[in-house]
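In case you want the letters, here they are:
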Amino acid sequence: MRMYDLIEKKKQGLALAKTEIEQMIADYTSGRIPDYQMSAMMMAICFQGMNAEETLHLTLAMRDSGTVLDLSAISGIKVDKHSTGGVGDKTSLVLAPMIAALGIPVAKMSGRGLGHTGGTIDKLECFPGFTTGLSKERFIQNVNQIKLAIMGQTADLAPADKKLYALRDVTATVNQMSLIASSIMSKKLAAGADAIVLDVKTGSGAFMQQEADAFALAKEMVRIGNGAGKRTRAVITDMDQPLGFAVGNALEVKEAILSLNGQGPKDLMEVVYALGAQMVLLAQKAETREEAEALLKETIASGAALNKLAEFVKAQDGDAHGVFHPQELPGANVILEVKNTQNGYVSRILAEEIGLASLLLGGGRETKESEIDLGVGILLKKKRGDRVADGETLAVVYANEMEQAIKAYAKVVKAYEIGAYAGETLMIKGIVDENCI
Ligand code: URA
């Protein structure tokens, strides 16, 4: 097999065979295929696309380029959840302890945040001492004992995707449906769960800004997951404004704790219950969505989910004091209120602008090496559809430096659009399951 011939074949719009894809990925991972040839292939795929079979073969080849986690030593059906990323998305922090409190094992690999969306690991590091650098043995032991463990993504998880994603990032070839779907799913499948629930976001703060694209990506990923023998479903959710009120690491942890105390924002809890119900159904702990939601609600009412969060933080060397005293989690010195200057209704909050404001404050990473400030961020006081009067506070900026606070303030002002009518927000746009593809 010559890479030149494969590029020519794809350029002509022909489908690559399973063995050709497998060989290409193995050779690229080991350095036998140079970046310039792989770039040409990625660009050919952008123009000609890949069919469902090719996409599945590409995913499996990338999954198998490194270690595939064997979680068979954990009893029960392991259901993983993945979000395509959004601003203020603290769903995992709320949902993981709820699911674990139901006795369903949560063995999760999470990433750090890059750019304007935060990562679950960064948020959890608000608890002093908390670590995700667990050995595989300790990870499995913790899940067996308390039903919940979160581990950082290991370097040998789908290394082909890591190399390919970095290449796509600098060759304008990220934005192709089969490439995105295979990239995400190769890592999810390598993480070893028995079933997968995907949260595919759509709107101004999402990777897929158009709803039709989000559905298409969801279908592609659900097809791949089920094709790989793992029951997979996707929920398409709104990211046209930040999720909940809090954006920023400690602010989001505080909101997650509030949610586990039964005082979660409506939009966040809608997403939590929609995703959670699918996880409970796939874990075979309920037969209907209503039954699954009732079980989830009980974990909050009884305090079991909050206690599970504390148990989990302790099990990963963290100080769980903040779970019960969230006011003692990291904070900020500079507090600026963003004032509204006209009467009307909040018609839009550009999620990406709010995410960028938090990034400016030091709450996110510009590069992989950046240090993040856990205490900074934005707390929204008004959400879409809310009536606002002239002079009312729209949001509060939490900063540690005045200069950054002023720059973030300007971004928050730009993010808010005030109109004459209250718009409606439909949080759950749809569900793609095995029968919908
Ligand atoms: N996230 C990924 O992991 N891969 C992509 O290609 C796009 C988003």
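This text gives an overview of the structure that appears in the document. (Residues numbered from 1 in each chain as written. Predicted model: local features only at pLDDT ≥ 70, side-chain atom pairs only at ≥ 80, totals over all residues. Heavy atoms only, no water.)

A word on the nonpolar core
Among the nonpolar cores identified, the biggest contains 81 residues, and Met98, Phe127, Phe312, Ile354, Ile378, Val397 and Val412 are the most heavily contacted of them. Among the elements that line this core, the one with the most residues is helix α12 (residues 266–282), at 12 residues. Excluding its chain neighbours within four sequence positions, the residues that come into contact with Ile378 are Phe245, Ala246, Val247, Leu251, Ile354, Ala357, Ser358, Leu361, Ala395, Val396, Val397 and Val412. Core analysis: the next-biggest nonpolar cluster, separate from the first, contains 21 residues, Met3, Ile33, Ile45 and Leu58 among them. (Core = buried A, V, L, I, M, F, W, Y, C linked by side-chain atoms within 4.5 Å. Buried < 20%, exposed > 50% of the residue type's maximum accessible area, 1.4 Å probe, protein only. Helix = DSSP H or I, 4+ residues; strand = E, 2+ residues; numbered from the N terminus. Contact = heavy atoms within 4.5 Å.)

Examining the packing of aromatic side chains
Throughout the structure, instances matching the rule amount to 1 aromatic pair. When the ring of Phe130 is compared with that of Phe312, the centres are 5.5 Å apart and the planes differ by 65°; the resulting orientation is edge-to-face. In this pair, Phe130 is assigned in the loop between α6 (120–124) and α7 (136–146) and Phe312 in helix α14 (residues 304–315), connecting sequence segments 182 residues apart. A relative accessible area of 2% means that Phe312 is categorised as buried. A cation over an aromatic ring shows up here: Lys383 above the ring of Phe245, its NZ or CZ 5.6 Å from the ring centre. (Phe/Tyr/Trp six-rings, centres within 6.5 Å; stacked < 30°, edge-to-face > 60°. Lys NZ or Arg CZ within 6 Å of the ring centre and 35° of its normal.)

Observations concerning the sheet that holds strand β1 (residues 79–83)
Hydrogen bonds between backbone atoms are what pair the strands of a sheet, whose relative direction is either parallel or antiparallel. Spatially, β1-β4-β5-β13 is the arrangement adopted by the 4 strands of the open sheet, whose pairing is mixed. The strands lining the two open edges of the sheet, one partner per strand, are β1 and β13 (428–432). Each adjacent strand pair in this sheet contributes to an overall mean axis angle of 15°, direction not counted. Sitting on the sheet, α12 is in contact with β1, β4 (195–202), β5 (231–238) and β13, with an inclination near 160° to β4. (Pairing = 2+ DSSP bridges. Axes fitted to C-alpha atoms, helices over the stretch in contact; angles between N-to-C directions.)

Observations regarding α14
Here α14 is 12 residues long and its end C-alpha atoms lie 16 Å apart, about the 16 Å a rise of 1.5 Å per residue gives. Among all positions in α14, only Ala305, Leu306, Lys308, Leu309, Ala310, Phe312 and Val313 are buried. (Expected span 1.5 Å × (residues − 1).)

Quick look at the site of the ligand
If you check the shell around the ligand, you find Tyr165, Arg168, Ile180, Ser183, Ile184, Lys187 and Phe207 and nothing else. Taking Lys187, its side chain carries an N or O atom lying 2.5 Å from an oxygen atom of the ligand. In isolation the ligand offers 240 Å² of accessible surface; the protein chains occlude 85% of this area. Of all the secondary-structure elements, those providing two or more residues to the shell around the ligand are α8 (159–169) and α9 (177–190). The element that contributes the greatest number of residues to the shell around the ligand is α9, accounting for 4 residues. Tallied by class, residues from the shell around the ligand come to 4 nonpolar, 1 polar and 2 charged. (Near = heavy atom within 4 Å. Polar contact = N/O pair within 3.5 Å; in protein donor to acceptor, adjacent residues only side chain to side chain. Areas by Shrake-Rupley, 256 points an atom, 1.4 Å probe, with all protein chains shown as cover. Nonpolar A, V, L, I, M, F, W, Y, C, P; charged D, E, K, R; others polar.)

Things to note about the sheet that holds strand β10 (residues 387–388)
One open sheet accounts for 3 strands, arranged β10-β8-β12; its pairing is antiparallel. A single partner strand is all that each edge strand has here, and the edge strands are β10 and β12 (416–419). Judged from the 2 bridges that link them, strand β8 (residues 344–349) and β10 form a sheet pairing that is antiparallel. Across the sheet, residue Tyr345 finds its bridge partner in β10, namely Arg387.

Some remarks on the pattern of salt bridges
Evaluation of the coordinates by the stated rule reveals 32 salt bridges. The closest approach of N and O atoms between Glu54 and Lys10, which form a salt bridge, is 2.9 Å. Placement of the pair is Glu54 in helix α4 (residues 52–63) and Lys10 in helix α1 (residues 3–11), with a sequence separation of 44 residues. Under the relative-accessibility criterion, Lys10 is labelled buried at 1%. Between Asp238 and Arg384 there is a salt bridge, and its shortest N-O distance comes to 3.7 Å. Taken together, the positions of Asp238 in strand β5 and Arg384 in the loop between β9 (377–380) and β10 put the pair 146 residues apart, joining distant regions of the chain. Residue Asp238 shares its accessibility class with Arg384, and that shared class is buried. Among the ionic contacts, a cluster of salt bridges with common partners joins Asp238, Asp240, Arg384 and Lys429. (Salt bridge = Lys/Arg side-chain N within 4 Å of Asp/Glu carboxyl O.)

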